[in-house]
Amino acid sequence: MNLFLDALNFLFDPANLAGSNGILSRLVDHLWYTGLSMAVAVVIGIPLGLLVGHTGRGRNAVVAVSSAARALPTLGLIFLIILYTGLGVGPLIVVLVILAVPPLLAGAYSGLEAVNRQTIDAARAIGMTEWQILLKVEMPLAMPLIFGGIRSATLQVIATATIAGYVGLTGLGRFLIEGLALRDYKLALAGAILVIALALCVDAILALAQRLVVPHGVARGLTRHTDESAAPTPRQHGRVSPAPSNP
Amino acid sequence: MIEFHSVTKRFPDGTLAVEDFSLVLPSRKTTVFVGSSGCGKTTLLRMINRMIDPTSGSIAIDGVDIASGSAVALRRSIGYVMQNSGLLPHRRVIDNVATVPLLKGVKKADAHAQAMELLDTVGLDRVLAYRYPSQLSGGQQQRVGVARGLAVNPNILLMDEPFGAVDPIVRDDLQQELLRLQHDLDKTVVFVTHDIDEAFLLGDQVVILEKGAQIAQVGTPKEILANPASDFVASFIGADRGKRRLAVDSSVARSGDDVVLVDGAGYVAGVIEAPGGVLPGAGAGVNTDSLARSVSNKTDQAGDA
Ligand SMILES: Nc1ncnc2c1ncn2[C@@H]1O[C@H](COP(=O)(O)OP(=O)(O)O)[C@@H](O)[C@H]1O
Ligand SMILES: [Mg+2]
């Protein structure tokens, strides 16, 4: 308990806030690594997930690669990359991106897969283009799951970005590493608390953003899907292909 | 006018859903495709708006091959109503109805005003406009589906078992509403059902189909009832079981001016007015054959009971 109080004392001591090794500076670095990797991961993972979900193609490959990527030991991977590239932000970002892409992919494609086939079929039948179906039907309806992927990827990246401290970078992980190296456990604990607090805050902000982005009626829409998939008719015609195919 | 020219559809898995189908569907009339499940009705219907492309053969609308333009433009010019309404669950009723006009670039205010009028047209209260589809009953959702199908003021309306999933009383309502709409709007309607009574009620031209969309008989309901072309047709419309052939039941004591009719199996089919104990149009001998035809449309349920 004493240790915990010491850690809190450290956190609330204004002297530890500023400066190049202060909490603020390292917090900003941590956020910078997180933001950069998430931006790259979103650009890769979401479109790919949407493509797989919309067409229904390549799903197995994506699942295989995703689970392989999830199984990679992060620390080992980053040292491996550093062996080849040398120190720098690059290897860290690569590793965090590899970590973040699978949940983003999974959120996007499972989100699209969860959209009722009949809804998509009807959208196509009344004359929506494939893009319109994706943007105006599939994505809004998949938004809760897409956002779920974004949130879980972000949490993982925030937690894992602490390894930046091991490879000569900064971020909140520095407190942990310095604390362990110096056997200054209050410092290590303070670092851990900071990472957890950051993760909770960011997740809360994302939850708020989700409320704004997910259209009204989607929650209803989703409950309706389960209603309809219980009805006797769906999928009678098998999977709807993106365009009418002519064998 | 919609023309099928030797249209065949074989799905990639080898299923021959439609085989060498040729037919003309006249303009401003309702053509009903009727047949058992799996006989190819939906496939026929969806080839009209290119949701399915024929393997061979061609389809023309007013003489123009539908394959010549873009599929999206074609679909936007044709109303489509399906069994489970197919409404977009994340959009309010009014936005659902206005979907295609908005895609076509109609101003939002105009599209919404028109959508409101369409709700009137299909007999829906305007307060429902701001609900989400899941907040409506099945029958109301189907009405919204019809309103959406009418939103682009199409010449052609495709309806795939639109009333198949609603209860019989609501279905009756919707059928009557469709008859009224069709009377007012004069669209070329292509209607798919497996219910022969619905087909006879709604169809100007009824097409009875067997597996592979083989035409068993085409004609007006009267023609088909009067002269079933084959045993299959007779069986399908219930004529073989005597369902369509009604007789005066003399065992029931008369009260007032009504005469009780029974079908071939002896089930009570309904009553017919016989003022002063005399059947209309009948001379001394009551001609139950001609009676059977004139009242047959209304008498089916009794046989199923
Ligand atoms: N996408 C598809 N792939 C393979 N077979 C199909 C597909 N759609 C329909 N079929 C088959 O084609 C036949 C006709 O189907 P359909 O037109 O849906 O019949 P209906 O609407 O009369 O019930 C059925 O045997 C059905 O299983
Ligand atoms: Mg069908």
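Residues numbered from 1 in each chain as written. Chains lettered and ligands numbered in written order. Predicted model: local features only at pLDDT ≥ 70, side-chain atom pairs only at ≥ 80, totals over all residues. Heavy atoms only, no water.

Draft legend 1. Seen up close, the interface of chain B and chain A. Counting residues at the interface gives 34 residues for chain B and 31 residues for chain A. Together chain B and chain A conceal approximately 2,700 Å² of surface at their shared face, both sides included; 58% is due to carbon and sulfur atoms. The three residues of chain B that bury the most area against chain A are N84(B), P89(B) and H90(B), which together make up 21% of that side's buried surface. Where chain B packs against chain A, one counts one salt bridge. Elements supplying a minimum of two residues to the side of chain B that touches chain A: β1 (2-10), α1 (41-48), α2 (71-76), α4 (99-103) and α6 (138-150) of chain B. (Contact = heavy atoms within 4.5 Å. Buried area = accessible area lost by both parts, 1.4 Å probe. Salt bridge = Lys/Arg side-chain N within 4 Å of Asp/Glu carboxyl O. Helix = DSSP H or I, 4+ residues; strand = E, 2+ residues; numbered from the N terminus.)

Draft legend 2. Geometry of the sheet that holds strand β4 (residues 56-61) of chain B. All names here are of chain B. On the basis of which strands lie adjacent, the open sheet formed by four strands has the order β2-β1-β4-β5 and antiparallel pairing. Unpaired on one side and paired on the other, β2 (16-25) and β5 (64-65) mark the two borders of the sheet. Relative to β4, β1 runs antiparallel, the two sharing five bridges. Residue pairing in the sheet places H5 in a bridge with S58 of β4. α1 rests against β1, β2 and β4 of the sheet, and its axis sits at about 120° to β1. (Pairing = 2+ DSSP bridges. Axes fitted to C-alpha atoms, helices over the stretch in contact; angles between N-to-C directions.)

Draft legend 3. Just the sheet that holds strand β3 (residues 30-34) of chain B, in detail. Residues and elements named next belong to chain B. Within the open sheet, the six strands sit side by side as β6-β7-β8-β3-β9-β10. Their pairing is mixed. Of all strands in the sheet, those bounded by a partner on one side alone are β6 (78-81) and β10 (214-219). With strand direction ignored, the average angle separating the axes of adjacent strands in the sheet is 15°. Where β3 lies against strand β8 (residues 188-193), five bridges are found, and the strand directions are parallel. In the strand pairing of β8, F33 is matched with V192.

Draft legend 4. Layout of the UniProt feature "domain: ABC transporter" (unreviewed entry) in chain B. This chain's UniProt record puts "domain: ABC transporter" (unreviewed entry) on residues 2-237 of chain B. Between the end C-alpha atoms of residues 2-237 of chain B there is a gap of 26 Å, over a span that is 37% helix and 25% strand. (UniProt positions renumbered as here; feature names shortened; annotations may be inferred.)

Draft legend 5. Just the pairing of strand β13 (residues 268-273) of chain B, in detail. Residue and element names in this part refer to chain B. As paired elements, strand β12 (residues 258-262) and β13 share five bridges and run antiparallel to each other. Bridged to D258 within β13 is E273. Counting the residues between successive antiparallel strands, the hairpin from β12 to β13 contains five residues, one of them, G266, with a positive phi of roughly 90°.

Draft legend 6. Region of the structure containing helix α2 (residues 23-55) of chain A. All names here are of chain A. In a regular helix each residue adds 1.5 Å, so 33 residues correspond to 48 Å; α2 covers 46 Å between its end C-alpha atoms and thus fits that length. Along α2, the largest kink reaches about 30° and is centred on V42. Immediately beyond the C-terminal end of α2, within one or two residues, lies G56, with a positive phi of roughly 75°. (Expected span 1.5 Å × (residues − 1). Bend = angle between axes of the 7 residues up to and from the residue.)

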